[in-house]
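# Reading the structure
Listed here are the chains, written in short residue letters.
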Amino acid sequence: MPPRQFAAPTTVMVRPLLLKPQWMNGLSERLLVSHYENNYGGAVRRLNFIRARLAALDWERTPVFEVNGLKREELIAAGSVILHEIYFDSLGGHGDDPPTGLAEPPDGIAHAFERDFGSVMTWRAEFTAMAKALAGGSGWAILAWSERLGRLVNQWAADHAHGLAGAIPIVALDMYEHSYHLDFGAKAAVYVDQVMANLNWERIDARYRMAIGEEVGNDKLFLPFGAPAQQEARISAEELKTALENGDDRRPVLLDLCLPKDLPRRTDMLPGASMHAPAALPRWVEELSRDRPIVVYCICGFQVSGTAVTELRHRGYDARALVGGITAWHAIGGATVPLDTSTYEDG
Ligand SMILES: [Fe+2]
């Protein structure tokens, strides 16, 4: 289930990508990663900055225009964060399989579409028409569950702060130009059809069932595929940033793991990290310190870091996988340096 954030109320933590950006169906990695790191990540950073400002505000003495401005920006940034998370979570294949473009809604939500729209096809026609009608402007096409209306609704939203009162978004389709321009230019309608071909119905159905108060048994559904299952084997980008700021001897050792075929996708790395080939683990593992924690990261935090962390923990190392990989690190505005492959093993 989507992790609910109870701890650290002053910091809104970035959520990892669940989709595999390198093999989506007709949506490029460049587009998806730029959207995630810059627009979604930007909203998370803006929201945290605004919240820090608000926390320090003298409510009695602050001029009303400043209170208005900050509270308006807070609402817009928070809406952007939440809707972008629903957007990215709604996309992707199953496990390690790319989206086929042929997936159909499972029974639970399919029956709800039949009940509330007549058929899945009628829902889809209304939803995509609503999204396409936002072309050339900006906003969101949202499928939401309304308790009061007792049904699923297709809701038009002019901006990040526009929602049907009390409704719970199930699918959010980003119609801001930044979500399609790199791949589709001004052809927003083609983008809408492509998003529909990439929907992950398993997660959408889970969101619907949670909205109507049903239990969702599969807690791996909202965890990056291949990430370690145990909480203690993972570290968030925010936790890593804090750990690296402590210059003491418990500062984690950083390992950048990358498959040879993925090297062309890389341009930068975390400062102080050393880069290795996952297959050469038996060669580089002996050089690792057993006195310091180890943080392993890969591009998005799927199997590459997950498998290595499981192996390292098996060998007794205090190793954790960076949730969301270097992509999440970029999204929180973490510092990087140009890629250094001098420690990378050949063959
Ligand atoms: Fe966006």
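These numbers were taken from a predicted model, which means no experiment stands behind them.

### Things to note about the overall build of the protein chain
The helix and strand inventory of the protein chain stands at 11 helices and 10 strands. The globule rule puts the C-alpha radius of gyration for 347 residues at 20 Å, and the 21 Å found for the protein chain is close to it. Over its C-alpha atoms, taken along the principal directions, the protein chain stretches across nearly 60 × 60 × 40 Å. Residue burial in the protein chain is summarised as follows: out of 347 residues, 50% are buried. Here the analysis covers contacts within the protein chain between residues at least 6 apart in sequence; of these, 71% occur between residues at least 24 apart. Accessible surface for the protein chain amounts to roughly 16,400 Å². Of this, 54% is attributable to carbon and sulfur atoms. For the protein chain, the centre of its 34 positive side-chain charges and the centre of its 44 negative side-chain charges are spaced 2 Å apart.

### Observations concerning the packing of aromatic side chains
Per the stated rule, a full pass over the model turns up 14 aromatic pairs. When the centroid spacing of 5.1 Å and the interplanar angle of 65° are considered together, the rings of Y87 and F88 count as edge-to-face. Taken together, the aromatic side chains of Y36, Y40, Y87, F88, W140 and Y176 make up a single cluster linked through ring pairs. Over the aromatic face of F117 sits the side chain of R151, whose NZ or CZ is 4.9 Å from the ring centroid.

### Let's talk about the coordination of the iron ion
Within the protein, the iron ion binds to H35 (NE2), H84 (NE2), D174 (OD) and H178 (NE2); these donor distances fall in the range 1.8 to 2.1 Å. One way to put it: the 4 donor atoms around the iron ion meet at angles of 89 to 135°, and that makes the site irregular. Each donor residue of the iron ion belongs to the same chain, with the gaps between them written as H-x48-H-x89-D-x3-H. Of this pair, H35 sits in helix α1 (residues 29-55) while H178 is found in the loop between β3 (168-174) and α5 (181-184), placing the two residues 143 residues apart along the sequence. Look at H178 and you get partly exposed, because its relative accessible area is 27%.

### Looking at the pattern of salt bridges
Side chains bearing opposite charge may pair, as long as their charged atoms lie close to each other. A complete count under the given rule lists 16 salt bridges for this structure. Taking the shortest distance from any N to any O, the salt bridge between R209 and D205 comes out at 3.0 Å. Placement of both R209 and D205 in helix α7 (residues 201-211) is noted, with a separation of 4 residues, approximately one turn of the helix. Look at R209 and you get partly exposed, because its relative accessible area is 25%. With a relative accessible area of 6%, D205 lands in the buried category. Linking D262 and K261 is a salt bridge whose minimum nitrogen-to-oxygen distance equals 3.7 Å. Given the relative accessible area of 62%, K261 is considered exposed.

### Structural notes on the environment of S179
Tracing the backbone shows S179 in the loop between β3 and α5. Separated by 139 residues in the primary sequence, S179 and Y40 have C-alpha atoms spaced 10 Å apart. Not counting residues up to four positions away in its chain, the partners in contact with S179 are L31, H35, Y87, D174 and Y191. Within the structure, the side chain of S179 is placed 3.3 Å from the side chain of Y191, a separation counted as a polar contact.

What counts and what doesn't
Residues numbered from 1 in each chain as written. Predicted model: local features only at pLDDT ≥ 70, side-chain atom pairs only at ≥ 80, totals over all residues. Heavy atoms only, no water. Helix = DSSP H or I, 4+ residues; strand = E, 2+ residues; numbered from the N terminus. Rg over C-alpha atoms; globule rule 2.2 N^0.38 Å. Buried < 20%, exposed > 50% of the residue type's maximum accessible area, 1.4 Å probe, protein only. Contact = heavy atoms within 4.5 Å. Areas by Shrake-Rupley, 256 points an atom, 1.4 Å probe, with all protein chains shown as cover. Lys, Arg positive; Asp, Glu negative; His and termini not counted. Charge placed at Lys NZ, Arg CZ, Asp CG, Glu CD. Phe/Tyr/Trp six-rings, centres within 6.5 Å; stacked < 30°, edge-to-face > 60°. Lys NZ or Arg CZ within 6 Å of the ring centre and 35° of its normal. Donors = N, O, S within 2.8 Å, 3.2 Å for Na, K, Ca; no water. Tetrahedral: all angles 85-135°; square planar, octahedral: opposite > 155°, others 65-115°. Salt bridge = Lys/Arg side-chain N within 4 Å of Asp/Glu carboxyl O. Polar contact = N/O pair within 3.5 Å; in protein donor to acceptor, adjacent residues only side chain to side chain.

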